[in-house]
Amino acid sequence: MLPRVSYRCHGQEAAMPTRKFREEHDRILRQASAIAGLANGRMTRDAADEARAAILGLDRLLVEHLTAEDEWMYPLLMASPDESVRGAATECFGDMGGIRGAWDAYRELWTSEAILEAPIRFRAATDGVIGALAMRVERENVELYPLVDHMSPLPAEEDQAA
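Residues numbered from 1 in each chain as written. Predicted model: local features only at pLDDT ≥ 70, side-chain atom pairs only at ≥ 80, totals over all residues. Heavy atoms only, no water.

Points about the overall build of the protein chain
Then step 1. Helix and strand counts for the protein chain stand at 5 helices and 2 strands.
Then step 2. Its helices and strands taken in sequence order, the protein chain reads β-β-α-α-α-α-α from the N to the C terminus.
Then step 3. Relative to its full complement of 162 residues, the protein chain shows a buried share of 39%.
Then step 4. Pairs at least 24 residues apart make up 77% of the contacts formed inside the protein chain by residues separated by at least 6 positions.
Then step 5. Looking at the protein chain as shown, the accessible area adds up to about 9,000 Å², and 55% of this sits on carbon and sulfur atoms. (Helix = DSSP H or I, 4+ residues; strand = E, 2+ residues; numbered from the N terminus. Buried < 20%, exposed > 50% of the residue type's maximum accessible area, 1.4 Å probe, protein only. Contact = heavy atoms within 4.5 Å. Areas by Shrake-Rupley, 256 points an atom, 1.4 Å probe, with all protein chains shown as cover.)

Describing the pattern of salt bridges
Then step 1. Applying the stated criterion across every chain yields a total of 11 salt bridges.
Then step 2. Residues Asp 104 and Arg 100 are paired through a salt bridge, measuring 3.3 Å at the closest nitrogen-oxygen approach. Highlighted residues: Asp 104 and Arg 100, both in helix H3 (residues 83–109), separated by 4 residues, approximately one helical turn.
Then step 3. The class for Arg 100 is partly exposed, based on a relative accessible area of 27%.
Then step 4. Residues joined in a network through salt bridges with shared partners are Asp 59, Arg 100, Asp 104, Arg 107 and Glu 108. (Salt bridge = Lys/Arg side-chain N within 4 Å of Asp/Glu carboxyl O.)

Everything listed is a geometric property; what it means functionally is a separate question.
Shown next as structure tokens:
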């Protein structure tokens, strides 16, 4: 079942199942960009600690985002009667395992100490993992999210007064 989420756009209620995911993608890319900026700067103890904190922050965003996708978006797409939709979802879901594995290895390897000891390797590893992540975000935004948005538009929730 799709989460019921409503959004205000220019004073109008608009429901889009993937709006929250697209907003999360924006936050993920901003955080990834911050890590890349730190990796390409002069590496000091403070910069290494800041990079490590940014990595852990991005990890929290990714875990939350992937969990939500896995709980409803991929099951929805994989249950589609349209074979091309199922195929696209299955392929993307499978690809994500490789990216997730690369991210997990990156997150575990690049502690503050490791960043300080090998800043050039950290820069290269960051470029690789962030590049793969950015390509993944683009693919979901362009290929998968439009499928979800067209399959099941959501009714807007009524605003709740506090």
